[in-house]
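These are the residues of each chain, in order.
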Amino acid sequence: MLNEKQIHQILDFAVHLGREMLESGANLERVSITMQRISKCYKLREVSMTVVNSVLFLSAQDENGINYVRQEAIPVYGIHLYKLKKLNVLVHKIIRDKPAPGKLADLLYETLITPSYSEPVQLAGYLCAMISLCRIFGGVWQDMLVAALNTIVLFFVTRWFSREKLNRIISNVVSMFFCGCTAILFTKCAFAKHLSAIIITNAFYMIPGIQMVNAFRNIICGNEMNGIIEMVKVILEVVTIVAGLYIACLVFGIVPTAFF
């Protein structure tokens, strides 16, 4: 039978694991199922998880009916699929081996030491993806060069905004404004040929696709409130992308639909 200290260790591990999974791109349903499986593995009952305004609440009950509650802030939702994969592997290992509660924190710490690709490698991947998308959308080599230039700017600017913890709505408007200005300028100079291909390509860099999928999945799987909140955030981010482009068009005194 677990003592109180061990229960605290299990819940601390579960809430930290849930936060890391959410920050890495997991959806609420998957995180909730994971927490329930870990808690049942250690014979905890009545496990429930709620995320409200980027705060995670976790509650569970021991064999004596005593309730325990944990709260954890989730500062930023991001995407780190390799770390998410390692966390999933850790969950399966814990359910299979059921290590002592005192070892859970160390296991999680070892898992979180996940190397990331260097910035040059990440940038090269983004450039290959964006140039390919621009070609798919009908761009010629000049358009692909402009899209690549905007991708380089977006890569470093978004990282700076992230480090400075600038509001995503403001960063989207600023980023798309500069991308729009660059694309329009090169188009007016008769270098770029298809403004639409450049704009759509760079918009794909900024659109929160995985968050959109997670929002739909939360709504479908019963987490309607969180799904709706996430969907509203996604819609706001998309609107700010459009707003940044619209402001760029106003600066150059053109009708936004003129090039589409």
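Structure first, text after, so check above.
Since the model is a prediction, treat every value here as computed from it, not as a measurement.

So, the side chain of E237
Point 1. Tracing the sequence through the fold places E237 in helix 10 (residues 224-251).
Point 2. On the basis of relative accessibility, which here comes to 12%, the residue E237 falls in the buried class.
Point 3. Not counting chain neighbours up to four residues away, the residues in contact with E237 comprise R168, N172 and P208.

Looking at the pattern of salt bridges
Point 1. Here the structure, examined in full by the defined rule, presents four salt bridges.
Point 2. The closest approach of N and O atoms between R70 and D12, which form a salt bridge, is 2.6 Å. One end of the pair, R70, is in strand 3 (residues 67-73); the other, D12, is in helix 1 (residues 4-24), and 58 residues separate them in sequence.
Point 3. The class for D12 is partly exposed, based on a relative accessible area of 31%.
Point 4. A salt bridge links E20 to K83; its shortest N-O distance comes to 3.2 Å. Pair noted here: E20 is in helix 1 and K83 is in helix 3 (residues 81-97), with a separation of 63 residues, a long-range link.

Scoring rules and cut-offs
Residues numbered from 1 in each chain as written. Predicted model: local features only at pLDDT ≥ 70, side-chain atom pairs only at ≥ 80, totals over all residues. Heavy atoms only, no water. Helix = DSSP H or I, 4+ residues; strand = E, 2+ residues; numbered from the N terminus. Buried < 20%, exposed > 50% of the residue type's maximum accessible area, 1.4 Å probe, protein only. Contact = heavy atoms within 4.5 Å. Salt bridge = Lys/Arg side-chain N within 4 Å of Asp/Glu carboxyl O.

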